[in-house]
Structures are given as structure tokens and as C-alpha cells.
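Descriptive structure summary
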Amino acid sequence: MRPADALDAERPDRPARPVADLYDLTGRVAVVTGGAGLYGSHMCAALAEAGAHVVVTSRDEAACARAAQALCDAGLSASSHRLDLADEASIRALRDDTVAAYGRIDVLVNGSVHRQGGDPAGTTAADWAATSLVNSTGLFLITRDIGEQMMAQGSGSIVNIGSIYGVVGPTFDIYAGTGMTSPAFYAYDKGGMVNLTRYLACYYGPHGVRVNCLSPGGLRSDGQPDAFLAAYRAATPLGRLAGPDDIKGPIVFLASDASAYLTGTNIMVDGGWTAH
């Protein structure tokens, strides 16, 4: 919503829009970082199914191309673009190429995460620096650069993909005997993302740009140990991990006009994990 429309939106005599229209993303352009990943692929599908043209991005150019082609094969609108969040020139190229091709960017989903290192004893200084370069600096740079485009347009929705571990500490017991752990960098990066969301919401709000965070819990995937699955389910009020559909509604909500009066918030999509 453009700043000039803000006061018009609160008029009591303004006709309410049908709810289907509020969720409709037809004609909008959405950039999704990490779009070929586990959660990323479901988010890209959701945005495309809601009518958006989706630009699937990550460092793996071939994976992005396959993901975009799968959406096109399903009759949806998508393209791919390589993105290296450790390279400022790559970030700027993504923005400029997307605007040149489609004229605007309406939605940015920050879903990329660089994983390197484990618990504190297993994480080196080099590991920490590598994750910070992407998960912190890269996050800031792409949001800044695409945020500038959105400010020029007078509208846009930025959705940061956080985590339960950006809000609460890890439950290490669920990893016992699995060889899995919760990395130290992840808590730091995702926790910082939540408050950066609040900061940017205040900064961009006067320009018609909204910034929100979506913090999911664990997603069911192949190869997860039975012991981990049992422990995770037992620790979650809804008794299960997230499935493919569980991220789709929330991401369309935050990307669309259905959430036009939400900014600076963090929505937990975790089956009740953080309700304890």
C-alpha cells in the first residue's frame, strides 16, 4: 500500500474487499532467497499459486532453474536467478536484473541460511565468520538494496524467515543419540533477525513497506532419525513436525494485502513449540 493510500485505508465508509482479493498476488513479483531449499520450495509454490511471478534464487543456479521450471510446468509463473549473499555485486545484480525484467519487486522473502559449524565446541572462528557473512551481512544488504526499490515504488512486503531457535533456547535432549545438534550460529543469526525485523519495520513503514518475520519449527524430511522424530513430536503440543502445507498459508498471508496492517511482527509457525 502506497503512503498516499494509508489514510484512505482507514476510512469507515471505504468498502471492504472480498477476502479472496486480499490474498491474491496476481501481477506481483516475489523474490525468494533460498528458494530451492526445503522450506523455500514450498514458499515459492505458495506465492506462485497465489498469482505472483516468483524469482527463485540461491547459489545453486541449477537447482533454482529446476525449481522454477517445475513451477512453470505446473502452469505457474516463475524464473530463476543465481544469488550469492556473500557477494554484494551478486545481490545488486539480482535486484537490477529483476527490475529490468519485470519493472518492480513487490515481495522479498529472506529464506537463505548458510550452515557451517555446530555446537560451540565444534565451531571455529572461520565457521562463525562464514555464517555471519551470509546470514547477517548478506541479509542486511539484500534487504537494504531491495528495500530501496520498494521505497521508490511506495509499497512492498519483506518477510524474514526466522526459527523457533531465534526465540527460545534449544532443547538438546531431542538430539540425543542422533548425531544431530542445534548450531550456535543459528541461534545468534535468527535471534538477530527478529529484532532487525522490528527495526526495519519502523524505518520502512513511512514509505509504505512492511517488514515481518515468520518463525517456523522443524520440517519433516527424509532421513531424519526415528529417535529425533519421536522426541520432537513428544515436545510439541500438536504432536508433529511441520509438513509441506504448513508454511504456505502464513507466507501468502504476510506477502499479501491480507496482512496490510501488520508490520514488525514475528509469527510463530511451530505447532505450539514456543507456547511452553
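Refer to the preceding data block for the structure.
All of the points below concern the structure found in this document. Everything quoted here is computed from the prediction, not taken from an experiment.

Attention now goes to the overall build of the protein chain. A tally of helices and strands in the protein chain yields 9 helices and 7 strands. Computed over the C-alpha atoms, the radius of gyration of the protein chain is 19 Å, within 12% of the 19 Å expected from 2.2 N^0.38 for a compact globule of 276 residues. Across its three principal axes, the protein chain shows a C-alpha extent of roughly 60 × 40 × 40 Å. The 276 residues of the protein chain split such that 45% are buried. Relative to all contacts within the protein chain whose residues are 6 or more apart in sequence, the contacts with residues 24 or more apart total 74%. Looking at the protein chain as shown, the accessible area adds up to about 12700 Å², and 55% of this sits on carbon and sulfur atoms.

To continue, consider the packing of aromatic side chains. Under the counting rule described, the total for this entry stands at 7 aromatic pairs. Residues Phe185 and Tyr186 carry aromatic rings whose centres are separated by 6.2 Å and whose planes lie at 90° to one another, so their mutual orientation is edge-to-face. Both residues of the pair, Phe185 and Tyr186, belong to the buried class. Ring plane angle 75° and centroid distance 5.1 Å describe the contact between Tyr203 and Tyr204, whose orientation is recorded as edge-to-face. For Tyr204, a relative accessible area of 3% translates into the label buried. Ring-pair connections join several aromatic residues into one group, and the members of that group are Tyr175, Phe228, Tyr232 and Trp273.

Our focus in this paragraph is the layout of surface pockets. The rolling of a water-molecule-sized probe over the atoms marks out the regions of remaining empty space. Taken as a whole, the largest pocket spans an internal volume of roughly 1000 Å³. Along the walls of the largest pocket sit 43 residues, with Leu38, Tyr39, Val113, Arg115 and Tyr186 positioned nearest its centre. Here the lining of the largest pocket gets 4 residues from one element, more than from any other, and that element is helix H3 (residues 38-49). Classifying every residue of the lining of the largest pocket gives 22 nonpolar, 16 polar and 5 charged.

Buried residues dominate strand E1 (residues 29-33), accounting for 5 of its 5 residues. A two-sided burial pattern is seen for E1, the buried positions comprising Val29, Val31 and Thr33 on one face and Ala30 and Val32 on the other. For the crossover that starts at E1, traverses H3 and ends in the parallel strand E2 (residues 53-58), the hand is right-handed.

Summed over all chains, the structure comprises 1 cavity of 30 Å³ or more. The space that makes up the largest cavity amounts to roughly 110 Å³. Residue assignment for the lining of the largest cavity shows that the elements contributing at least two residues are helix H6 (125-153) and helix H7 (184-204). It is H6 that contributes the most residues to the lining of the largest cavity, 4 residues altogether. By residue class, the composition of the lining of the largest cavity is 6 nonpolar, 5 polar and 2 charged.

Right, let's talk about the side chain of Ser155 for a bit. The topology assignment puts Ser155 in the loop between H6 and strand E5 (156-161). Ser155 sits in the buried class, given a relative accessible area of 10%. At a separation of 3.5 Å, a polar atom in the side chain of Ser155 contacts the side chain of Arg104.

Calculation rules
Residues numbered from 1 in each chain as written. Predicted model: local features only at pLDDT ≥ 70, side-chain atom pairs only at ≥ 80, totals over all residues. Heavy atoms only, no water. Helix = DSSP H or I, 4+ residues; strand = E, 2+ residues; numbered from the N terminus. Rg over C-alpha atoms; globule rule 2.2 N^0.38 Å. Buried < 20%, exposed > 50% of the residue type's maximum accessible area, 1.4 Å probe, protein only. Contact = heavy atoms within 4.5 Å. Areas by Shrake-Rupley, 256 points an atom, 1.4 Å probe, with all protein chains shown as cover. Phe/Tyr/Trp six-rings, centres within 6.5 Å; stacked < 30°, edge-to-face > 60°. 1 Å grid on protein atoms, 1.4 Å probe; cavity = no way out; pocket = protein on both sides within 12 Å on 5 of 7 lines; lining within 4 Å. Points joined across faces, edges and corners; volume = space filled by probe spheres on them. Nonpolar A, V, L, I, M, F, W, Y, C, P; charged D, E, K, R; others polar. Right-handed = clockwise from strand over helix to strand, strands pointing away. Polar contact = N/O pair within 3.5 Å; in protein donor to acceptor, adjacent residues only side chain to side chain.

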